[in-house]
Amino acid sequence: MANLKDIQRQIKSVSNTQKTTRAMKLVSTAKLRRAEELAKRSRLYAQKMNQVIAEIAGRISCSKVGGLENRCFSKIENPKMVDIVFITADKGLCGGFNIQTIKAVNKLLREYKEQNVKVRLRGIGKKGIEYFNYNEVEMLDTVVGLSSKPDKERSDDFIMTSINDFKDGKIDALHIVYNGYKNMITQELHVNTILPVDTDAYDCDAVQSSSMLEIEAEDEEKMLDSLVEKYINYNMYYSLIDSVAAEHSARMQAMDTATNNAKEMVKNLNVEFNKARQAAITTELIEIISGVESMK
């Protein structure tokens, strides 16, 4: 009978876990709907902003005028120091969401180490920060609470350090690494090089005749700096929005899987309980019959 009590205790425990994971799934589903809508609205603006910057960078590279000396549009062949900004969640229970970002950051760190390039690691999100602190990886600065609740002002303040250091020549590149939202069941890892702006993909001959954008030799440096700042600031903010949508998507899937596993475990435990109960009843019947037979 003690065995039956143990099985009953297990069934109760797993059933309570199933209720918790089901509730967490419903919460993540509700949060995902809001985050998904915000991500979709923000994505269009981010894409248009990136197109404008890419075209400006390409026109500068092709025409050799207007902002040619701007460091943000100059390809740096042998970087000495780079900034890597990573975004992870503040909470766990979201499958491999955080570990994928951490693996991508570790890969970048190894590649730059092989090239003898110094890296300044900047972290957003408790889980990634805890991982690198545990592994004694030095970080320039960290922020907790921003990845779960993206805020434009805090985002701008955080990334401004890298922007200013790039303009001053202290760093030669800026990367943002995060796990982004693709659809309800898929997340997409992003390793984006924000600075310097890539001009290699720009086809001068193909776009020269069709583009309506004109870059004049007298274009002011301040205008380009302002545009680049807006581009980087919004890329940082959009990365946070995209990441939080992906986080809720990953947690929803993880909790759905956990709920299904708990349901299957309860089913198996019930079968085990019924078998144990039947075995106990059979044993008692045999004992009763044996006792009656011995009295004849």
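Cut-offs applied
Numbers given for residues are sequential positions, taken from 1 along each chain in its written order. It should be noted that, the model being predicted, local features are given only for residues of pLDDT at least 70 and side-chain atom pairs only at 80 or more, the latter also being counted only at that level, while totals for whole chains, interfaces and linings use all residues. Hydrogens and water molecules were not included; the side-chain quantities draw on all heavy atoms of the structure. Note on conventions: DSSP H or I runs of at least 4 residues are helices, E runs of at least 2 residues are strands, and numbering of each starts at the N terminus. The buried label goes to any residue with under 20% of its type's maximum accessible area, the exposed label to any with over 50%, and the partly exposed label to all in between, with areas taken from a 1.4 Å probe on protein chains only. For accessible areas, the Shrake-Rupley method is used with a probe of radius 1.4 Å. Any residue's cover is judged against the shown protein chains and nothing else. By this definition, two strands are paired if DSSP reports at least two bridges between them. Axis geometry follows a simple rule: fit a line to the C-alpha atoms, using only the stretch in contact for helices, then measure angles between N-to-C directions, giving values from 0 to 180 degrees. In plain words, nonpolar cores are sets of buried Ala, Val, Leu, Ile, Met, Phe, Trp, Tyr and Cys residues tied together by side-chain atoms within 4.5 Å. Here a residue-residue contact requires only that any non-hydrogen atoms of the pair lie within 4.5 Å. The labels follow the angle: roughly parallel below 35 degrees, roughly antiparallel above 145, roughly perpendicular from 65 to 115, and oblique for the rest. It is the rotation of the near helix from the far one that decides the hand of a crossing: anticlockwise by less than a right angle makes it left-handed, clockwise makes it right-handed. In this count, Pro and Cys sit with the nonpolar residues alongside Ala, Val, Leu, Ile, Met, Phe, Trp and Tyr, while Asp, Glu, Lys and Arg are called charged and the others, Gly among them, polar. Grouping into patches uses exposed residues only, defined as over 30% relative accessible area, and leaves out salt-bridged ones; the cut-off is 9 Å for like charges and 5 Å for nonpolar side chains (Val, Leu, Ile, Met, Phe, Trp, Tyr). Salt bridges are defined by distance alone: a side-chain nitrogen of Lys or Arg within 4 Å of a carboxyl oxygen of Asp or Glu. By definition here, a helix of n residues has an expected span of 1.5 Å times n minus one. Two N or O atoms form a polar contact when they lie within 3.5 Å of each other; inside protein one atom must be a possible hydrogen donor and the other a possible acceptor, and for residues adjacent in sequence the pair counts only when both atoms belong to side chains.

## Digging into the overall build of the protein
Working step 1: If you tally the helices and strands in the protein, you get six helices and five strands.
Working step 2: Beginning at the N terminus, the succession of helices and strands in the protein can be written as α-β-α-β-α-β-α-β-β-α-α.
Working step 3: Counting the 296 residues in the protein, one finds 41% classified as buried.
Working step 4: Just so you have it, the protein exposes about 17000 Å², and 52% of that area is on carbon and sulfur atoms.

## Comments concerning the sheet that holds strand β2 (residues 118–124)
Hydrogen bonding along the main chain pairs the strands of a sheet, whether they run parallel or antiparallel.
Working step 1: Pairing within the open sheet is mixed, and its five strands lie in the order β3-β2-β1-β4-β5. Edge positions in the sheet fall to β3 (141–143) and β5 (186–195), since each of these pairs with one other strand and no more. For this sheet, the mean inter-axis angle between neighbouring strands, taken without regard to orientation, is 20°.
Working step 2: Where β2 and β3 come together, three bridges link them in parallel fashion.

## Quick word on the nonpolar core
Working step 1: Among the nonpolar cores identified, the biggest contains 44 residues, and V85, I124, L195, I232 and M236 are the most heavily contacted of them.
Working step 2: Secondary-structure elements contributing two or more residues to this core are α1 (2–63), β1 (81–87), α4 (152–167), β4 (173–183), β5 and α6 (221–295).
Working step 3: Those residues within four positions of V85 in sequence are excluded, and the remaining contacts are R122, I124, F158, I159, L174, H175, I176, V177 and M236.
Working step 4: Core analysis: the next-biggest nonpolar cluster, separate from the first, contains 16 residues, F86, I102, V105 and I129 among them.

## Concerning the packing of helix α2 (residues 97–114) against helix α3 (residues 126–134)
Working step 1: Where α2 meets α3, the axes come as close as 10 Å, and the angle between the chain directions of the two elements is 45°. As judged from the angle between their axes, α2 and α3 are oblique. In the packing of α2 onto α3, the handedness of the crossing is right-handed. Counting all contacts with α2, which are made through N98, I102, V105, N106 and L109, the residues of α3 involved are K127, G128, Y131 and F132.
Working step 2: Residues of the contact of α2 with α3, tallied by class, amount to five nonpolar, three polar and one charged.

## Regarding a nonpolar patch on the surface
Working step 1: A cluster of nonpolar residues, I281, L285, I288, I289 and V292, forms a patch on the protein surface that exposes about 470 Å² of accessible area.
Working step 2: With respect to the helices and strands, the residue V292 is situated in helix α6.

## Overview of α4
Working step 1: Here α4 is 16 residues long and its end C-alpha atoms lie 22 Å apart, about the 22 Å a rise of 1.5 Å per residue gives.
Working step 2: Every buried residue belonging to α4 is among S155, D156, F158, I159, S162, I163, D165 and F166, and all of these are buried.
Working step 3: Where α4 begins, one side-chain oxygen reaches toward the backbone nitrogen of E153, 3.3 Å away; that side chain belongs to D151.
Working step 4: Phi turns positive, to about 85°, at G169, one or two residues after α4.

## Comments concerning the side chain of S42
Working step 1: Considering the arrangement of structural elements, one finds S42 in helix α1.
Working step 2: In this structure S42 comes out as buried when scored by relative accessible area, which is 5%.
Working step 3: A polar atom in the side chain of S42 sits 2.8 Å from the backbone oxygen of L38.

## A closer look at α2
For an α-helix, the turn length of 3.6 residues means that residues three or four places apart are oriented alike.
Working step 1: In this model, α2 (18 residues) spans 27 Å end to end at C-alpha, consistent with the 26 Å of a helix rising 1.5 Å per residue.
Working step 2: Residues of α2 that are buried: F97, N98, T101, I102, A104, V105, N106, L108, L109 and Y112.
Working step 3: Trailing α2 by a residue or two, N116 shows a phi angle of about 60°, which is positive.

## Topic: unusual backbone geometry
Working step 1: Looking along the chain, the bond that leaves L195 and enters P196 is cis, with omega of -10°.
Working step 2: When you line up the elements, P196 lands in the loop between β5 and α5 (204–208).
Working step 3: Although it is not a glycine, L93 sits at a positive phi angle of roughly 60°.
Working step 4: Along the chain, L93 falls in the loop between β1 and α2.
Working step 5: Positive phi, normally seen in glycine, also occurs at E136, with a value near 55°.
Working step 6: With respect to the helices and strands, E136 occurs in the loop between α3 and β3.

## Thoughts on the pairing of β5
For a regular strand, the rule is simple: side chains alternate between the two faces of the sheet.
Working step 1: Bridge analysis of β4 against β5 gives nine bridges, and the strand direction is antiparallel. The residue of β5 that forms the bridge with I176 is N192.
Working step 2: Hairpin remark: β4 followed by β5, antiparallel, with two residues in the connecting loop.

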